[in-house]
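So you can see what is in the structure, the chains are spelled out below.
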Amino acid sequence: SAKRSGENEIDFFREKIQQKAVKIVKLRNKLQEAIKNKEFTLFYQPYYDVKTQQIAGAESLLRWIHDGKVIPPLEFIDVLENSNLIMDVEEQIIQEAIKTIASLKREIPISINISPKSFKRDYIVPFIKETLNEYNIRGELLTIEIVERVFLENTEYTKTIMERLRNFGIKIAVDDFGTGYSSLTYIKELPIDIIKIDMSFIRNMVSSEKDLKLVKLIIDIARQFDLKTIAEGVETQEQFNILREMGCNYIQGYLFSKPLNKETFQKLLK
Ligand code: C2E
Ligand code: MG
Ligand code: MG
Ligand code: MG
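The shown structure was predicted, so the numbers you read here are calculated from the model rather than taken from an experiment.

Undergrad: Honestly, the overall build of the protein in this entry has me stumped. Any pointers?
TA: Summing up its helical and strand segments, the protein has eleven helices and nine strands in all. Referenced to the eigenvectors of the C-alpha coordinate spread, the extents of the protein come out at roughly 70 × 50 × 40 Å. A buried classification covers 47% of the 270 residues belonging to the protein. Expressed as a percentage of contacts within the protein between residues at least 6 apart in sequence, the contacts between residues at least 24 apart total 68%. Summed over all atoms, the accessible surface of the protein reaches about 14,700 Å², with 50% contributed by carbon and sulfur. Distance between charge centres in the protein, computed from 40 positive and 40 negative side chains, equals 2 Å.

The following block contains the structure:
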């Protein structure tokens, strides 16, 4: 009967949801183990000065090395962020990134991605400061990348954290700019240094006039406010040419370099 099949359908979905929940719990347990076993590592993707085409800095990107495989953050970052495990991982990341800065033959700034949750934790600023001191690194060599979502709530507190980081010379980059549904007014109110133009705009700008206009607008706004721009996900010469023409400062993407493991990255800078 119709009723019977409806019930079957509900059972079907209940089972699906249960399977998903079980999967998440299993993943969370594995991630907990991974933190203990220090299975997380950072890759480094350089970004390049558009004018000189030289390396100007690099972004650190989280990787999970598990059973000999390199697992990208998309497969686990949500579970980390929804379970507070992200904070433990981020402590390791901060230490690892600053250790890497200290190891480089050439001084270039390294960016760290900080999740909105961690960013608003009281001890994040002192932890970063202590780690910089431990390795004797100037704040100017560290950039913190945060997404616009951070600006949606508690702006005053966010501003305080940003100003404290800024006081150490640390730079602040807005990641995935233009995708966050937040108001643009934060640009005039918050201490920001860098805007990272989201990959989706870069990808579409070659075929879509509207995306092209948006990228141009972002670069113009950044210039008006004395902010630097980094274009993310630049894969083709055509994209690069357009960005150079528009006055974008830096480009990051497969056209110049993929994210590299630490050793390869260190060699690249020699
Ligand atoms: P994101 O911060 O916007 O990082 C840029 C992503 O674009 C990276 O993906 C990078 O590998 C990828 N990418 C760079 N150039 C190209 C390109 O030319 N083509 C394509 N197709 N992709 C390119 P990844 O490493 O998988 O990281 C994804 C996201 O995970 C990051 O986006 C960031 O939101 C998050 N994430 C990565 N590392 C960390 C971390 O240490 N902490 C936190 N909280 N989040 C992280
Ligand atoms: Mg980033
Ligand atoms: Mg991004
Ligand atoms: Mg992103």
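Undergrad: Before we go on, may I ask you to explain the coordination of the magnesium ion (ligand 2) in this structure?
TA: Four donors placed tetrahedrally about a metal ideally form angles of 109.5 degrees, and six donors placed octahedrally ideally form angles of 90 or 180 degrees. Within the protein, the magnesium ion (ligand 2) binds to Glu-59 (OE), Asn-113 (OD1), Glu-145 (OE) and Asp-175 (OD); these donor distances fall in the range 2.0 to 2.2 Å. In this structure, the magnesium ion (ligand 2) lies 4.1 Å away from the magnesium ion (ligand 3), the two metals sharing Asp-175 as a donor. Linking Asn-113 in strand β4 (residues 110–113) with Asp-175 in strand β6 (residues 171–177), this pair joins segments that are 62 residues apart in sequence. A relative accessible area of 25% places Asn-113 in the partly exposed class.

Undergrad: What should I look at first to understand the environment of Lys-213 in this one?
TA: Note on placement: Lys-213 falls in helix α9 (residues 209–224). In sequence terms Lys-213 and Phe-201 are twelve residues apart; their C-alpha atoms lie 9.7 Å from each other.

Undergrad: How should the pattern of salt bridges be read in this particular structure?
TA: Side-chain pairing between opposite charges can occur once the charged atoms of the two side chains come close. All told, the structure shown has twelve salt bridges when counted by the stated rule. Among the salt bridges present, the one from Arg-14 reaches Asp-11, with a minimum N-O distance of 3.3 Å. Residue Arg-14 and its partner Asp-11 are both found in helix α1 (residues 2–36); the two are separated by three residues, about one turn of the helix. Of the residues examined, Arg-14 reaches a relative accessible area of 47% and is grouped as partly exposed. The shortest N-O distance in the salt bridge between Glu-96 and Lys-262 comes to 3.2 Å. Here Glu-96, found in helix α3 (residues 85–103), pairs with Lys-262, found in helix α11 (residues 262–268); they are 166 residues apart in sequence, far enough to count as distant. The class for Glu-96 is partly exposed, based on a relative accessible area of 22%.

Undergrad: Just to check I follow, could you spell out the side chain of Gln-239 for this structure?
TA: Position of Gln-239 relative to the elements: it lies in helix α10 (residues 237–246). Using a relative accessible area of 6% as the deciding quantity, one classes Gln-239 as buried. Setting aside its immediate chain neighbours within four residues, Gln-239 contacts Ile-202, Arg-203, Met-205, Val-206, Gly-233 and Val-234.

Undergrad: Is there a simple way to think about the coordination of the magnesium ion (ligand 3) in this case?
TA: Protein coordination at the magnesium ion (ligand 3): the donors are Asp-175 (OD), Asp-176 (OD), Glu-232 (OE) and Glu-232 (OE), at 2.0 to 2.5 Å from the metal. By relative accessible area, which is 10% here, Glu-232 ends up buried.

Undergrad: Is there a simple way to think about α3 in this case?
TA: With 19 residues, α3 ought to run about 27 Å at 1.5 Å a step, and its terminal C-alpha atoms sit 27 Å apart, in line with that. Here α3 has its buried residues at Leu-85, Ile-86, Met-87, Val-89, Glu-90, Gln-92, Ile-93, Ile-94, Ala-97, Ile-98, Thr-100 and Ile-101.

Undergrad: Just checking my understanding: could you explain the pairing of strand β7 (residues 194–197) for this structure?
TA: On any regular strand, side chains alternate: one points to one face of the sheet, the next to the other face. Burial of the side chains of β7 extends over both faces: Ile-194 and Lys-196 are buried on one face and Ile-195 and Ile-197 on the other. Here β6 runs beside β7; their pairing, made up of three bridges, is parallel. If you follow Val-174 over to β7, its bridge partner there is Ile-195. Sheet topology places β7 next to strand β8 (residues 228–231); four bridges connect them, and they run parallel. Residue pairing across strands places Ile-194 opposite Lys-228, the latter belonging to β8.

The rules we used
Residues numbered from 1 in each chain as written. Chains lettered and ligands numbered in written order. Predicted model: local features only at pLDDT ≥ 70, side-chain atom pairs only at ≥ 80, totals over all residues. Heavy atoms only, no water. Helix = DSSP H or I, 4+ residues; strand = E, 2+ residues; numbered from the N terminus. Buried < 20%, exposed > 50% of the residue type's maximum accessible area, 1.4 Å probe, protein only. Contact = heavy atoms within 4.5 Å. Areas by Shrake-Rupley, 256 points an atom, 1.4 Å probe, with all protein chains shown as cover. Lys, Arg positive; Asp, Glu negative; His and termini not counted. Charge placed at Lys NZ, Arg CZ, Asp CG, Glu CD. Donors = N, O, S within 2.8 Å, 3.2 Å for Na, K, Ca; no water. Salt bridge = Lys/Arg side-chain N within 4 Å of Asp/Glu carboxyl O. Expected span 1.5 Å × (residues − 1). Pairing = 2+ DSSP bridges.

These figures come from the coordinates and say nothing about function on their own.
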